[in-house]
Amino acid sequence: MAKIKTHKATAKRFKLTATGKVKINHTDRRHKLGLKSSKRKMHLRKAGYLSDSMAPAVKKLMPYAK
């Protein structure tokens, strides 16, 4: 049976943790930062985790992620 290719766009945007959660970076940190409050930008710095309902779809696109 052939290997399954990794979806490269997905691999660049998501990482898998050791416990199997899908880690993501928050959006809205690229431009127009002067309009956003310091508190909002500070909270967007930390990584977030994908919801449990969306995680299987992402994991399917990255079959060999550890």
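Right, let's walk through the structure included here.

Procedures and definitions
Residues numbered from 1 in each chain as written. Predicted model: local features only at pLDDT ≥ 70, side-chain atom pairs only at ≥ 80, totals over all residues. Heavy atoms only, no water. Helix = DSSP H or I, 4+ residues; strand = E, 2+ residues; numbered from the N terminus. Buried < 20%, exposed > 50% of the residue type's maximum accessible area, 1.4 Å probe, protein only. Polar contact = N/O pair within 3.5 Å; in protein donor to acceptor, adjacent residues only side chain to side chain. Contact = heavy atoms within 4.5 Å. Phe/Tyr/Trp six-rings, centres within 6.5 Å; stacked < 30°, edge-to-face > 60°. Lys NZ or Arg CZ within 6 Å of the ring centre and 35° of its normal. Pairing = 2+ DSSP bridges.

As for the side chain of Thr 17
Within the secondary structure, Thr 17 is located in the loop between strand S1 (14-16) and strand S2 (22-24). Given a relative accessible area of 19%, Thr 17 falls into the buried group. Separated by 3.2 Å, the side chains of Thr 17 and Thr 19 make a polar contact. Apart from the residues lying within four places of it in its own chain, the contact partners of Thr 17 are Lys 23 and Tyr 49.

Brief notes about the packing of aromatic side chains
Inspection of every chain in the model, using the stated rule, returns 0 aromatic pairs. In this structure, Lys 21 is placed above the aromatic ring of Tyr 49, and the distance from its NZ or CZ to the ring centre is 5.4 Å.

A look at unusual backbone geometry
At Asp 28, a position not held by glycine, the phi torsion is positive, near 70°. One can find Asp 28 in the loop between S2 and helix H2 (38-45). Owing to a relative accessible area of 45%, Asp 28 belongs among the partly exposed residues under this scheme. Positive phi is not limited to glycine here, since Lys 32 has a value of about 60°. As for its placement among the helices and strands, Lys 32 is situated in the loop between S2 and H2.

Looking at the sheet that holds strand S3 (residues 48-49)
Strand order in the open sheet formed by 3 strands is S1-S2-S3, and the pairing between neighbours is antiparallel. Each end of this open sheet is capped by a strand with a single partner; those strands are S1 and S3. Relative to S3, S2 runs antiparallel, the two sharing 2 bridges. By the bridge assignment for S3, Ile 24 is matched with Gly 48.

Points about the environment of Leu 50
Assignment of secondary structure puts Leu 50 in the loop between S3 and helix H3 (55-61). Note: C-alpha distance between Leu 50 and Ile 24 (26 residues apart in sequence) is 6.6 Å. Ignoring sequence-local partners within four residues, the contact set of Leu 50 consists of Phe 14, Val 22, Ile 24, Ala 55 and Val 58.

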